[in-house]
Amino acid sequence: FAYEKGLIHRKLNQLKESGTAFRHAIEIDPNLAEAQAALGETYLEQSQPDKAVTELQQALRKNPKLADGWYWLGLAHKQLKKNDEASHAFQECLKVDPRHGRALFEYGLVQMRNADYRGADDSFTRAASMLNDNGWLYYEHARALSHLGRWDGMLEKARRAQDLAIDRADLHYLKGQAW
């Protein structure tokens, strides 16, 4: 019951209370990896990525099949600017759940940080089939394509991002590069 209570508190954005409930659930059942992962996600939502990493790594040692645990671990490492660790976590998430669209999107962003634009193009292309009309996905995909010099594809993605209300000066700059 403590784990479910934590989920309810988190849904209500009562992060302190959700953390308390998840810690109580772990005290009751130290093997409840889902509670440990949820505590890690709560720390992540509280902008405490170091604590999130600790909890998520413990959860994943208990159950390495928690796709969202790997996803949240990737996000925590990304916040800490540990790109290699973030990349590894997103890849592990995708091994557990190859259709985890958010992990593919975040993995593409890490690939962009590492100047792997071909990899980012592939990740964003695959994520597009899973994330319905995500404006930021189209925006980032346009950026990756601009680095690859694929102007037609870049313009298509930039237009789609703009259609979805992602109206940033960068989009206008990207479009200008193609002319």
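Look above for the structure.
Residues numbered from 1 in each chain as written. Predicted model: local features only at pLDDT ≥ 70, side-chain atom pairs only at ≥ 80, totals over all residues. Heavy atoms only, no water.

(A) Representation of the packing of helix H7 (residues 101-113) against helix H9 (residues 135-148) in the model. At a minimum axis distance of 11 Å, the contact between H7 and H9 shows a crossing angle of 30°. The two elements H7 and H9 cross, and the hand of that crossing is left-handed. Here H7 contributes Phe 105, Leu 109 and Met 112 to the contact with H9, which in turn contributes Trp 136, Leu 137, Glu 140, Arg 143, Ala 144 and His 147. Of the residues contributing to the contact of H7 with H9, the split by class is 6 nonpolar, 1 polar and 2 charged. (Axes fitted to C-alpha atoms, helices over the stretch in contact; angles between N-to-C directions. Helix = DSSP H or I, 4+ residues; strand = E, 2+ residues; numbered from the N terminus. Left-handed = near helix turned anticlockwise from the far one by under 90°. Contact = heavy atoms within 4.5 Å. Nonpolar A, V, L, I, M, F, W, Y, C, P; charged D, E, K, R; others polar.)

(B) Summary view of helix H1 (residues 2-11). Every buried residue belonging to H1 is among Ala 2, Gly 6, His 9 and Arg 10, and all of these are buried. The buried residues of H1 occupy an angular sector of 100° when projected down its axis, which confines them to one face. Turned more than 90 degrees from where H1 packs its buried face, Ile 8 and Lys 11 sit exposed. The inward-facing, buried residues of H1 abut helix H2 (15-28) and helix H3 (33-45). Count one or two residues on from H1 and you reach Asn 13, which has phi positive near 60°. (Buried < 20%, exposed > 50% of the residue type's maximum accessible area, 1.4 Å probe, protein only. Arc of directions from axis to C-beta.)

(C) Focus on helix H6 (residues 83-96). For H6, with 14 residues, the first-to-last C-alpha span of 20 Å sits near the 20 Å given by 1.5 Å per residue. All of the buried residues in H6 are Asn 83, Ala 86, Ser 87, Ala 89, Phe 90, Glu 92, Cys 93 and Leu 94. In this structure, the buried residues of H6 make contact with helix H5 (67-79) and H7. (Expected span 1.5 Å × (residues − 1).)

(D) Representation of the pattern of salt bridges in the model. If you walk through the whole model with that rule in mind, you get 8 salt bridges. For Arg 126, the salt bridge identified is with Asp 122, shortest N-O distance 3.5 Å. Within this pair, Arg 126 and its partner Asp 122 are both found in helix H8 (residues 117-128), separated by 4 residues, close to a single helical turn. Its relative accessible area of 41% is what places Asp 122 among the partly exposed residues. (Salt bridge = Lys/Arg side-chain N within 4 Å of Asp/Glu carboxyl O.)

(E) Main features of the nonpolar core. With 43 residues, the main nonpolar core has Tyr 71, Trp 72, Leu 73, Phe 90 and Phe 124 as its most contacted residues. Elements that contribute at least two residues to this core include exactly H2, H3, helix H4 (49-62), H5, H6, H7, H8 and H9. Non-local contacts of Phe 90, meaning those with residues more than four positions away in its chain, are made with Tyr 71, Gly 74, Leu 75, Ala 103, Glu 106, Tyr 107 and Val 110. Counting residues in hydrophobic clusters, the runner-up holds 5 residues, among them Ala 142, Leu 145, Met 154 and Leu 155. (Core = buried A, V, L, I, M, F, W, Y, C linked by side-chain atoms within 4.5 Å.)

(F) Up close: the packing of aromatic side chains. Inspection of every chain in the model, using the stated rule, returns 4 aromatic pairs. With 5.9 Å between their ring centres and 45° between their planes, Phe 105 and Phe 124 make a pair best called tilted. With Phe 105 in helix H7 and Phe 124 in helix H8, this pair connects stretches of sequence that are 19 residues apart. In terms of burial, Phe 105 and Phe 124 fall into one category: buried. Here the guanidinium or amino end of Arg 102 rests over the ring plane of Tyr 71, the centre of that ring lying 4.7 Å away. (Phe/Tyr/Trp six-rings, centres within 6.5 Å; stacked < 30°, edge-to-face > 60°. Lys NZ or Arg CZ within 6 Å of the ring centre and 35° of its normal.)

(G) The arrangement of the packing of H1 against H2 in detail. At their nearest, the axes of H1 and H2 sit 8 Å apart, and the two run at 165° to each other. In terms of orientation, H1 and H2 fall into the roughly antiparallel class. For the element pair H1 and H2, the recorded crossing hand is left-handed. Residues Ala 2, Tyr 3, Lys 5, Gly 6, Leu 7, His 9 and Arg 10 of H1 lie in contact with H2, whose contacting residues are Leu 15, Glu 17, Ser 18, Ala 21, Phe 22, His 24, Ala 25 and Ile 28. Split by residue class, the contact of H1 with H2 holds 8 nonpolar, 4 polar and 3 charged. (Parallel < 35°, antiparallel > 145°, perpendicular 65-115°, else oblique.)

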